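# Results of the structural survey
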There are 4 protein chains.
Amino acid sequence: ENANELQTQRDSIAQKLQETEMRNQDLESQLQEVETRLESSQLQQEAFRKNLRTLLEILDGKIFELTELRDSLAKLAECS
Amino acid sequence: ENANELQTQRDSIAQKLQETEMRNQDLESQLQEVETRLESSQLQQEAFRKNLRTLLEILDGKIFELTELRDSLAKLAECS
Amino acid sequence: ENANELQTQRDSIAQKLQETEMRNQDLESQLQEVETRLESSQLQQEAFRKNLRTLLEILDGKIFELTELRDSLAKLAECS
Amino acid sequence: ENANELQTQRDSIAQKLQETEMRNQDLESQLQEVETRLESSQLQQEAFRKNLRTLLEILDGKIFELTELRDSLAKLAECS
């Protein structure tokens, strides 16, 4: 009778363990997926900022060229 | 003897279950943390794009105003 | 006979004087007209330069505003 | 006596003619000078407008390049 009880306990715990291990596998794959998405989001954001910096340099150039144009117009307004 | 063996099995499985449950808790807290970081990264990126769109509208305005200035200069070059 | 000759001389010179006075009037009206055109050309040029200076101030403002926009984009590229 | 009178008239008219011719020369040189200044003013104004048109073409280019930059920023704001 004691042996029967122990066997029932063992089987119940083994059943619980199996469920927990399945839950574990599920969590591990979820974790991996979210980590992949986080990494992708961060890479995207880095690429974003890099593109933005490139466009900023172009804007700097345009502002410089407009300032040169402004100086040429100023000379025209003064000298002639 | 059979009862002893069953008890040993039961204890071993119970030990394994406890470890697996701890691993589970760890994975769940890891998952929650990474999900929070992903959400934060996405909110940041959304805020980023929203700011960029606001700056774009300002740039649109500046380009429009430069075009008006250009037209005034053109009139000056032609009419006088 | 001497009197006749003198009269002829006097009339000839008087004729020449009349022509010269007409030429004089013509030159004076030409001079006045060219002076008026010169003054008008100079006033036009002054108005031109004044307009150009006004447009230059507007261009200065646009360049300043583009520089502010540039700084906002730079902050966006760095902070986020 | 009549001859004397005619001689006096002739000399007086000849004197007047000489003065008028000098005035003529003066007017002619004034006219030439003002015409030269008018021509110079018009050439200057033409050079002015030509310079302004060159600067306008440069401004057109800058506005075009800012519009291209604007489109690149818009793509960045939408796609990423």
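Here, the structure is the one placed above.
Once chain B has been moved 0.0 Å along the axis and rotated by 179 degrees, it coincides with chain A to within an RMSD of 0.1 Å. Here the transformation between the copies is reduced to the relation of a two-fold axis. Most of the interface of chain B is mirrored in chain A, where 100% of its interface residues are also at the interface.

Now for the packing of helix α1 (residues 2-79) of chain C against helix α1 (residues 2-79) of chain D. Interaxial distance between α1(C) and α1(D) falls to 6 Å at its minimum, and their mutual angle equals 20 degrees. It follows that α1(C) is roughly parallel to α1(D) by the angle criterion. Considering how the two elements wind past one another, α1(C) and α1(D) form a crossing that is left-handed. The residue makeup of the contact of α1(C) with α1(D), split by class, is 26 nonpolar, 18 polar and 16 charged.

This brings us to the relation of the copies chain B and chain D. Comparison of the two chain copies shows a relationship of rotation about an axis with a shift along it. Note on the identical chains: chain B maps onto chain D by a rotation of 180 degrees and an axial translation of 0.0 Å, with an RMSD of 0.1 Å. Of all interface residues in chain B, 94% are interface residues in chain D too; the two copies therefore contact each other through one and the same surface.

For the rest of this paragraph, the subject is the packing of aromatic side chains. Tallying each qualifying case throughout the model produces two aromatic pairs over all chains. For the ring pair A:Phe48 and B:Phe48, a centre distance of 4.3 Å and an interplane angle of 80 degrees mean the geometry is edge-to-face. Taken together, the residues span two chains, with A:Phe48 in helix α1 (residues 2-79) and B:Phe48 in helix α1 (residues 2-79).

Let's shift gears to the interface of chain B and chain A. Contacts between chain B and chain A engage 30 residues on the former and 30 residues on the latter. At the junction of chain B with chain A, the criterion picks out four salt bridges. When the shortest N-O distance is used, the salt bridge between A:Arg23 and B:Glu28 registers 2.7 Å. Counting the contacts that link chain B with chain A gives 11 residue pairs in polar contact (both at pLDDT 80 or more). Per-class residue counts for the side of chain B that touches chain A are 13 nonpolar, nine polar and eight charged.

The rules behind the values
Residues numbered from 1 in each chain as written. Chains lettered and ligands numbered in written order. Predicted model: local features only at pLDDT ≥ 70, side-chain atom pairs only at ≥ 80, totals over all residues. Heavy atoms only, no water. Least-squares fit on C-alpha atoms with pLDDT ≥ 70 in both. Contact = heavy atoms within 4.5 Å. Axes fitted to C-alpha atoms, helices over the stretch in contact; angles between N-to-C directions. Helix = DSSP H or I, 4+ residues; strand = E, 2+ residues; numbered from the N terminus. Parallel < 35°, antiparallel > 145°, perpendicular 65-115°, else oblique. Left-handed = near helix turned anticlockwise from the far one by under 90°. Nonpolar A, V, L, I, M, F, W, Y, C, P; charged D, E, K, R; others polar. Phe/Tyr/Trp six-rings, centres within 6.5 Å; stacked < 30°, edge-to-face > 60°. Salt bridge = Lys/Arg side-chain N within 4 Å of Asp/Glu carboxyl O. Polar contact = N/O pair within 3.5 Å; in protein donor to acceptor, adjacent residues only side chain to side chain.

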